[in-house]
Amino acid sequence: MGYGYGGSYSDYSYGNSGSKNCDCDTFFKHISRGEDVKVFLKGGGCVEGEFVDVRGNIVNLAKADCHSHCKKVRIIAICCDDITAVEV
């Protein structure tokens, strides 16, 4: 289980026995502002962008690219309940 640090990704579906104790602070614990990340979503998609900040249960990414269903946007907010993993 990584924390999205050093090229690894954070996947909290392993070893948690289905518990829902992951939050934005856990997913983005070792990620600095401006660092490029890829956020994997429960629906199977992913969003790439620069990490901006965490506000409660919401993470903000700048210069985000949603790959298949949206164009590049300046800032996107993602609810951490929808995140399955984070890759740096």
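Our structure is the block above this text.
Residues numbered from 1 in each chain as written. Predicted model: local features only at pLDDT ≥ 70, side-chain atom pairs only at ≥ 80, totals over all residues. Heavy atoms only, no water.

K.L.:
Explain the state of the cysteines to me, using residue names and the numbers behind them.
P.N.:
Considering all chains together, one arrives at one disulfide under this definition. Considering cysteine sulfurs only, Cys80 is the nearest to Cys79, which forms no disulfide, with 6.6 Å between them. What makes Cys79 partly exposed here is its relative accessible area of 27%. (Disulfide = S-S within 2.5 Å. Buried < 20%, exposed > 50% of the residue type's maximum accessible area, 1.4 Å probe, protein only.)

K.L.:
Describe the pattern of salt bridges, and please don't skip the residues or the numbers.
P.N.:
Tallied over the full model, the rule gives two salt bridges. The residue Glu50 makes a salt bridge to Lys63 at a minimum N-O spacing of 3.5 Å. Linking Glu50 in strand E3 (residues 46-55) with Lys63 in strand E4 (residues 58-65), this pair joins segments that are 13 residues apart in sequence. Here Glu50 falls in the partly exposed class, since its relative accessible area comes to 24%. The exposure class assigned to Lys63 is exposed, which follows from its relative accessible area of 54%. Close ionic contact of Asp53 with Arg55 constitutes a salt bridge, the shortest N to O distance being 2.9 Å. For Asp53, a relative accessible area of 16% puts it in the buried group. By relative accessible area, Arg55 is classed as exposed at 58%. (Salt bridge = Lys/Arg side-chain N within 4 Å of Asp/Glu carboxyl O. Helix = DSSP H or I, 4+ residues; strand = E, 2+ residues; numbered from the N terminus.)

K.L.:
Could you give me a rundown of the packing of aromatic side chains, with the residues and numbers involved?
P.N.:
Evaluated as defined, the whole model comprises one aromatic pair. Here the aromatic rings of Phe28 and Phe51 are separated by 5.2 Å at their centres, their planes lie at 10°, and the arrangement is stacked. Taken together, the residues span a long stretch of sequence, with Phe28 in the loop between helix H1 (24-27) and strand E2 (36-41) and Phe51 in strand E3 at a distance of 23 residues. Pair check on accessibility: Phe28 and Phe51 agree, each one buried. (Phe/Tyr/Trp six-rings, centres within 6.5 Å; stacked < 30°, edge-to-face > 60°.)

K.L.:
I'd love a proper account of the nonpolar core, names of residues and values included.
P.N.:
Ranked by internal contacts, the top residues of the largest apolar core, which has 18 residues, are Phe28, Val59, Leu61 and Ile83. Every element with two or more residues in this core is listed here: H1, E2, E3, E4, strand E5 (73-79) and strand E6 (83-87). Sort the elements by how many residues they give to this core and E4 lands first, with three residues. If we skip the residues at most four places from it in the chain, Ile83 touches Phe27, Phe28, Val39, Phe40, Leu41, Lys42, Val59 and Ile78. (Core = buried A, V, L, I, M, F, W, Y, C linked by side-chain atoms within 4.5 Å. Contact = heavy atoms within 4.5 Å.)

Geometric values such as these leave the question of function open.
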